[in-house]
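# A look at the structure
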Amino acid sequence: QVHLVESGGDLVQPGGSLTLSCVASGFAFSREVMYWHRQAPGKGREMVAAIFGTGENQIYPSADQARFTISRDNDKNTTALRMESLRPEDTAVYYCNTWVDGKNYWGQGTQVTVSS
């Protein structure tokens, strides 16, 4: 059974940094693309970053997300999202997700709040 568990969300001041983690189980982790999405209050989910199986290639849909860095550790079945220079508009629930055998799996999310 695919299982994704995020952690690391917190209240942080504008300009601060935070690293989110996602522990995966129940599938061949190193074979799958891992994604981070976020959902701000009153808005839809948007993709923040993606990383391919080997970790060599990443996707960041928005130039604004140059402040973010996605990584993965295939030995530990984890993916991380490092976020720098955080802004109030980065406030959201952050989710990791993946596709396995045509099905989309999501974690429960972790709350990031950027506020002074």
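We now turn to the structure provided with this report. (Residues numbered from 1 in each chain as written. Predicted model: local features only at pLDDT ≥ 70, side-chain atom pairs only at ≥ 80, totals over all residues. Heavy atoms only, no water.)

### Observations regarding the packing of aromatic side chains
Here the distance between the centres and the angle between the planes together describe a pair of aromatic rings. Under the counting rule described, the total for this entry stands at 2 aromatic pairs. Ring centres of F27 and F29 lie 6.1 Å apart, and the angle between their planes is 50°; this geometry places the pair in the tilted category. For F29, a relative accessible area of 3% puts it in the buried group. Centre to centre, the rings of Y95 and W106 are 6.0 Å apart; their planes meet at 85°, and the pair counts as edge-to-face. Here Y95 is found in strand β9 (residues 92-100), whereas its partner W106 is found in strand β10 (residues 103-106), with 11 residues between them in sequence. For Y95, a relative accessible area of 11% gives the class buried. Its end group placed over the ring of Y95, R45 keeps NZ or CZ at 3.8 Å from the ring centre. (Phe/Tyr/Trp six-rings, centres within 6.5 Å; stacked < 30°, edge-to-face > 60°. Buried < 20%, exposed > 50% of the residue type's maximum accessible area, 1.4 Å probe, protein only. Helix = DSSP H or I, 4+ residues; strand = E, 2+ residues; numbered from the N terminus. Lys NZ or Arg CZ within 6 Å of the ring centre and 35° of its normal.)

### Comments concerning the environment of R45
As for its placement among the helices and strands, R45 is situated in strand β5 (residues 45-51). Between the alpha carbons of R45 and Q13 there is a distance of 23 Å; along the sequence they are 32 residues apart. Apart from residues no more than four positions distant in its own chain, R45 is found in contact with R38, Q39, Y95 and W106. A polar atom in the side chain of R45 sits 3.2 Å from the side chain of Q39. Of note is the side chain of R45, whose polar atom sits 3.5 Å from the side chain of Y95. (Contact = heavy atoms within 4.5 Å. Polar contact = N/O pair within 3.5 Å; in protein donor to acceptor, adjacent residues only side chain to side chain.)

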